[in-house]
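This is what each chain is made of:
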Amino acid sequence: MVQLTEELIAAFNALKVVPLATADRNGVPNVAPMGAKAVADPETILIMNNFMQKTLANVKENPKAAVYLWGDGVKGCYQIKGDVEYVESGEQFEAFRADVTARLPHVPAVGMLKITVTDVFNCAAGPNAGDRIL
């Protein structure tokens, strides 16, 4: 299993919103901003389904996703790829839902993407751009 480092977790947490990329079974891409997010553990990222349409349809057809980390508070530029499971119940979902709705009471919080990290890549400009880090 691939585990996010403390630096990568800090980068993820530094960003208020992260772009989440998915693709349907034909490879048609979609990128959407995600603000209801958390690192559950070094191997798992959670993203709440509040208003997902294309993203949810895509992960049901093709359970893969990528998160892009770059911006203020991030030392570097990273792409995290993973396998996605859609979850609508259970302890982890209920705990995450409670956290999200406490911060954002107007959102429906109807399900979550549970992303198991499979790869991490460098996306900073330079000779190591595109290199697999983890």
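What counts as what
Residues numbered from 1 in each chain as written. Predicted model: local features only at pLDDT ≥ 70, side-chain atom pairs only at ≥ 80, totals over all residues. Heavy atoms only, no water. Helix = DSSP H or I, 4+ residues; strand = E, 2+ residues; numbered from the N terminus. Rg over C-alpha atoms; globule rule 2.2 N^0.38 Å. Buried < 20%, exposed > 50% of the residue type's maximum accessible area, 1.4 Å probe, protein only. Lys, Arg positive; Asp, Glu negative; His and termini not counted. Charge placed at Lys NZ, Arg CZ, Asp CG, Glu CD. Pairing = 2+ DSSP bridges. Axes fitted to C-alpha atoms, helices over the stretch in contact; angles between N-to-C directions. Phe/Tyr/Trp six-rings, centres within 6.5 Å; stacked < 30°, edge-to-face > 60°. Lys NZ or Arg CZ within 6 Å of the ring centre and 35° of its normal. Disulfide = S-S within 2.5 Å. Salt bridge = Lys/Arg side-chain N within 4 Å of Asp/Glu carboxyl O. Arc of directions from axis to C-beta. Contact = heavy atoms within 4.5 Å.

(A) Representation of the overall build of the chain. Check the secondary structure of the chain and you find three helices and seven strands. For the chain, the sequential pattern of α-helices and β-strands runs α-β-β-β-β-α-β-β-α-β. Since a compact globule built from 134 residues should have a radius of gyration of about 14 Å, the 14 Å found for the chain is in line with a globular shape. Counting only C-alpha atoms, the chain reaches 45 × 35 × 25 Å along its principal axes. Out of the 134 residues belonging to the chain, those deemed buried represent 41%. Across the chain, the 12 positively charged side chains and the 15 negatively charged ones have centroids separated by 5 Å.

(B) Structural context of the sheet that holds strand β7 (residues 111-122). Pairing is antiparallel in the open sheet, where seven strands are placed in the order β2-β1-β5-β6-β7-β4-β3. Two strands close off the open sheet at either side, each with one partner strand: β2 (29-34) and β3 (37-41). This sheet shows a mean twist of 35° between the axes of neighbouring strands, independent of strand direction. Direction of pairing for strand β1 (residues 18-23) relative to strand β5 (residues 64-69): antiparallel, over a ladder of two bridges. Looking at the pairing, A21 lines up with A66 of β5.

(C) Here's a closer look at the packing of aromatic side chains. This model, assessed by the stated rule, comprises zero aromatic pairs. The lysine or arginine in question, K37, covers the ring of F12, its NZ or CZ lying 4.3 Å from the ring centre.

(D) Representation of the state of the cysteines in the model. Going through the model one piece at a time under the given rule, you end up with one disulfide. Disulfide pairing places C77 opposite C123 at an S-S distance of 2.3 Å. Around the S-S axis, the bridge from C77 to C123 shows a dihedral of about -90° and counts as left-handed. Placement of the pair is C77 in the loop between β5 and β6 (78-87) and C123 in the segment after β7, with a sequence separation of 46 residues.

(E) Just the pattern of salt bridges, in detail. Per the counting criterion, the structure on display carries four salt bridges. With a shortest N-O distance of 3.6 Å, R25 and E61 are connected by a salt bridge. On the criterion of sequence distance, the pair formed by R25 in the loop between β1 and β2 and E61 in helix α2 (residues 54-61) is long-range, its members being 36 residues apart. Of the residues examined, R25 reaches a relative accessible area of 61% and is grouped as exposed. Judged by its relative accessible area of 34%, E61 is partly exposed.

(F) Examining helix α1 (residues 6-14) more closely. For α1, the full list of buried residues reads L8, I9, A11 and F12. Buried residues in α1, looked at end-on, bunch into an arc of 160°, giving them a common side. Packing partners of the buried residues in α1 comprise β1, β3, β4 (44-49), β5, β6 and β7.

Everything listed here is a matter of coordinates, which is why it stays silent on function.
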